[in-house]
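# Secondary and tertiary structure notes
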Amino acid sequence: MATLTKSAPTSQSGAAMSNDHFDLTPMFEQTNCLNEDTTNSHANILKDGQGILESDADEQLILRFNFKSAVKVAELQIGCPEGETAPTKMRVFINTADLGFDEAEDLKPVQELELSESQMAGEGNAVKLNFVKFQYVSNLTLFISENNGGDTTQLSSLKIFGTPVIQMNMAEFKKQG
């Protein structure tokens, strides 16, 4: 079983937030990214301080995270280099089939985020999601649609914080009486 680590992400103001959420990285079953540069892949940003993720053909990226079991997602922590390669707009989808760029632009997201450089400076500050809408997440898709004007988009870190959904194992349920 994966071990979850409690973390104290910081808010946009830099203040410590509630310590009730965990880094959900150990809960990933599968991850993938569309339009990534093969030399700077998404695996780089899932490890602490291991490099960058850079888009390949243009500024758009689609990151997909499948979880081993359902989770509640509370916030994202996104870090990126300063400058024109920093993302500015992100659309967040949950529990969808694999999305391509056309679908990600056309479908209504669960939440749209306007990102600022101050939110993503260094390893990034916590970007709160509308927690009520992220209560039973099997997969999470992040579509970065725009950046500060660069030809490509770069991320240096990404963490997803939340909690596992507690589920009853019916195989262990015993009939009474």
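These lines cover the structure that appears in this document, whether it is placed above or below. (Residues numbered from 1 in each chain as written. Predicted model: local features only at pLDDT ≥ 70, side-chain atom pairs only at ≥ 80, totals over all residues. Heavy atoms only, no water.)

### Let's talk about the overall build of the protein
For the record, the criterion: Secondary structure elements are defined from DSSP: runs of H or I of at least 4 residues count as helices, runs of E of at least 2 residues count as strands, and each element is numbered from the N terminus. For each residue, the accessible area found with a 1.4 Å probe, counting protein chains only, is set against the maximum for its type, and the residue is called buried under 20%, exposed over 50%, and partly exposed in between. Here a residue-residue contact requires only that any non-hydrogen atoms of the pair lie within 4.5 Å. The method behind every accessible area is Shrake-Rupley, applied with a 1.4 Å probe, and residues are considered shielded solely by the protein chains displayed.
The helix and strand inventory of the protein stands at 2 helices and 11 strands. Helices and strands in the protein line up, N terminus first, as β-β-β-β-β-β-α-β-α-β-β-β-β. Here the protein, with 177 residues, has 49% of them falling under the buried criterion. Partitioning the contacts of the protein with sequence separation of at least 6, the portion at a separation of at least 24 is 75%. If you sum the accessible surface of the protein, you get close to 9300 Å²; carbon and sulfur atoms cover 48% of it.

### Points about unusual backbone geometry
Phi angles above zero are rare outside glycine, and N35 is one such case at about 70°. In this structure, N95 is a non-glycine residue whose phi angle is positive, near 50°.

### What about a negative patch on the surface?
Threshold: Two joining distances apply to patches: 9 Å for like charges and 5 Å for nonpolar side chains (Val, Leu, Ile, Met, Phe, Trp, Tyr), and every residue must have over 30% relative accessible area and no salt bridge. For salt bridges, the criterion is a side-chain nitrogen of Lys or Arg within 4 Å of an Asp or Glu carboxyl oxygen. Charge convention: Lys and Arg are scored as positive, Asp and Glu as negative, and His as well as the terminal groups of each chain are ignored. Lys charges are placed at NZ, Arg charges at CZ, Asp charges at CG and Glu charges at CD.
Taken together, the side chains of D102, E103, E105 and D106 make up a negatively charged region of the molecular surface. Topologically, D102 is positioned in helix α1 (residues 101-106). A relative accessible area of 58% places D102 in the exposed class.

### Quick word on the nonpolar core
Test applied: Side-chain atoms within 4.5 Å link the members of a nonpolar core, which is a set of buried Ala, Val, Leu, Ile, Met, Phe, Trp, Tyr and Cys residues.
By size, the foremost hydrophobic cluster in this structure holds 33 residues, and its most contacted members are F65, F67, L76, M90, L140 and L142. Of all the secondary-structure elements, those providing two or more residues to this core are β3 (28-34), β5 (61-79), β6 (87-94), β9 (137-147) and β11 (157-164). Sort the elements by how many residues they give to this core and β5 lands first, with 8 residues. Every residue in contact with M90, bar those within four places of it in the chain, is listed here: L76, I78, Q111, E112, L113, L115, L142, F143 and I144. One finds I62, L99, A104 and F143 within the second-largest nonpolar core, a separate group that totals 5 residues.

All quantities given are derived from atomic positions and should not be read as evidence of function.
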